[in-house]
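A closer look at the structure
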Amino acid sequence: MALLKVKFNQKKRVKLAQGLWLMNWFSVFAGIIVFSMGLFLKIELRKRSEVMDNSESHFVPNSLILMGILSCAFNGFAGKICYDSLDPAKFAKWKPLLKPYLALCLFFNVLIFFVALICFLMRGSLDSTLAQGLKNGMKFYRDTDTPGRCFMKKTIDMLQIEFKCCGNNGFKDWFEIQWISNRYLDFSSKEVKDRIKSNVDGRYLVDGVPFSCCNPSSPRPCIQYQVTNNSAHYSYDYQTEELNLWRRGCREALLHYYSSMMSSMGAVVLLVWLFEMSVMVGLRLLHTSLESIANPEDPECESEGWVLENNLKDTLKSALESLKKIGKFNQVEADAEGAEGEEGGKTPAITTVS
């Protein structure tokens, strides 16, 4: 028994073709939206590529861009088919291409669904990318005189100001690295010498943070040095909520920003996928209803359209059998070639009569 079997007359076929033509052009517009989302996400990721460890995060925007381009191409082509189906003479040239085209549409819809899932599942990969990238970026914060790294201070400062964050996981991350350049240290000072000697790696570590970690909403002037020394400041306790530094780490802030963006894009792609599936089902119904016309010379006669000629179970069974036949056919060909090779390798025996 056929799946989703529907009876059509000429009027219904015309309405279906016209509706599908319109839906395909809506799908082209949806493809442009998907392409634009991928382009926007790629630009946003490139803005902060200095604080990302690798390029794995660009898989999502690249996939969205590709799906957008393919959507425009596939649906533009389908729109042409639907338009020509109104004229039996024009539709005849598309008949041999429709089955391969529908198979490609099915594969394309599987890819769209996969991209939608990736948008929701990339959080873990993005988390590790940001964690390592921010850690490396903070190490280069002080290298304002080093070619290739002189921009890192500005990048980190602008990042902390824009996202209202401090450090990788929190402001205490700055205590573990030397973020002040040697150019601005007085090595004749006893305090500087003692701090460098007290550190195994010979780094100048302080319990301070860059100015960009300061919260401008705090009524108190920013305390960015001797942050953990309560006695160094009047009426101060760094463990209270009144600390005038951003408490949230930049990894968490960026992860939330990009994850929210990709989740929203994933929801949009999922809606596009549902729309594309409905277009593919409609195109299949149009294809089968036109092919099953009993008398091609009488376009007004009734016909039947279906999505699958048999039910889902029988269709999967026949597909598996076809695959098995293809596999056996390839095996027989390989055995035949092997046998021919063996026969060709044999040399005829020569008998000499004395």
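Since this is a predicted model, take the numbers as computed values, not measurements.

1. What to know about a nonpolar patch on the surface
On the surface, a nonpolar cluster with roughly 640 Å² of combined accessible area is contributed by Trp21, Leu22, Trp25, Phe26, Tyr83 and Leu86. In terms of residue count, helix α1 (residues 10-47) provides more of the nonpolar patch than any other element does, four residues in total.

2. Quick notes on unusual backbone geometry
Of note, the phi angle at Gln226 is positive, near 50 degrees, even though the residue is not glycine. By secondary structure assignment, the location of Gln226 is in the loop between α7 (190-197) and α8 (250-291).

3. Here we look at the state of the cysteines
Scanning all chains against the criterion turns up three disulfides. Cys165 shares a disulfide with Cys250; S-S distance 2.1 Å. Where Cys165 bonds to Cys250 through sulfur, the torsion about that S-S bond is close to 85 degrees, and the disulfide is right-handed. Taken together, the residues Cys165 in the loop between α6 (152-163) and α7 and Cys250 in helix α8 connect sequence positions 85 residues apart. The same class applies to Cys165 as to Cys250, namely buried. Here Cys214 pairs with Cys222 through a disulfide, and the sulfurs are 1.7 Å apart. Between Cys214 and Cys222, the S-S torsion sits near -60 degrees, and that sign places the bridge as left-handed. Owing to a relative accessible area of 14%, Cys214 belongs among the buried residues under this scheme. Judged by its relative accessible area of 35%, Cys222 falls in the partly exposed class. Each disulfide of the protein joins two cysteines, and with those cysteines numbered along the sequence the arrangement is 1-6, 2-3, 4-5.

4. Regarding the nonpolar core
Formed by 79 residues in total, the largest nonpolar core has its most connected members in Leu41, Leu64 and Trp174. Viewed by domain, this core spans two of them, domain 1 (3-137 + 252-306) and domain 2 (171-247), each represented by three or more residues. Excluding anything up to four places from it in sequence, Trp174 contacts Met138, Tyr141, Ile156, Gln160, Cys166, Gly167, Trp179, Val206, Gly208, Val209, Pro210 and Cys213.

5. A word on the environment of Arg183
Checked against the element boundaries, Arg183 lands in the loop between α6 and α7. Assessed through its relative accessible area of 54%, Arg183 is described here as exposed. When the C-alpha atoms of Arg183 and Arg142 are compared, they prove to be 9.3 Å apart, with 41 residues separating the residues in sequence. Among the polar contacts listed, one links the side chain of Arg183 to the side chain of Asp145, at a separation of 2.9 Å.

6. Overview of the UniProt feature "transmembrane region" (unreviewed entry) in the protein
Mapped onto the present numbering, the UniProt feature "transmembrane region" (unreviewed entry) falls at residues 20-41, 101-122 and 255-275. Along residues 20-41, the helical share is 100% and the strand share 0%, with 31 Å between the first and last C-alpha atoms.

7. Quick notes on the packing of aromatic side chains
Scanning the entire structure with this criterion turns up eleven aromatic pairs. Seen in terms of ring centroids, Tyr141 and Trp179 are 6.2 Å apart; in terms of plane orientation they differ by 70 degrees. Their pairing is edge-to-face. With Tyr141 in the loop between α5 (123-139) and α6 and Trp179 in the loop between α6 and α7, this residue pair connects regions lying 38 residues apart in the sequence. Just as Tyr141 is buried, Trp179 falls in that class too. Here Phe163 and Tyr257 contribute two aromatic rings whose centre-to-centre distance is 5.2 Å and whose plane-to-plane angle is 75 degrees, an arrangement assigned as edge-to-face. Taken together, the residues Phe163 in helix α6 and Tyr257 in helix α8 connect sequence positions 94 residues apart. The exposure class assigned to Phe163 is buried, which follows from its relative accessible area of 10%.

8. Remarks on the pattern of salt bridges
This model, assessed by the stated rule, comprises nine salt bridges. Taking the shortest distance from any N to any O, the salt bridge between Asp157 and Lys153 comes out at 3.0 Å. Residue Asp157 and its partner Lys153 are located together in helix α6, separated by four residues, close to a single helical turn. Take Lys153: its relative accessible area is 31%, and that puts it in the partly exposed class. Three or more residues are tied together by salt bridges with common partners; here these are Glu44, Lys47, Arg48 and Glu162.

What counts as what
Residues numbered from 1 in each chain as written. Predicted model: local features only at pLDDT ≥ 70, side-chain atom pairs only at ≥ 80, totals over all residues. Heavy atoms only, no water. Patch = residues over 30% accessible without salt bridge, like charges linked within 9 Å, V, L, I, M, F, W, Y side chains within 5 Å. Areas by Shrake-Rupley, 256 points an atom, 1.4 Å probe, with all protein chains shown as cover. Salt bridge = Lys/Arg side-chain N within 4 Å of Asp/Glu carboxyl O. Helix = DSSP H or I, 4+ residues; strand = E, 2+ residues; numbered from the N terminus. Disulfide = S-S within 2.5 Å. Buried < 20%, exposed > 50% of the residue type's maximum accessible area, 1.4 Å probe, protein only. Core = buried A, V, L, I, M, F, W, Y, C linked by side-chain atoms within 4.5 Å. Domains from an automatic or database assignment. Contact = heavy atoms within 4.5 Å. Polar contact = N/O pair within 3.5 Å; in protein donor to acceptor, adjacent residues only side chain to side chain. UniProt positions renumbered as here; feature names shortened; annotations may be inferred. Phe/Tyr/Trp six-rings, centres within 6.5 Å; stacked < 30°, edge-to-face > 60°.

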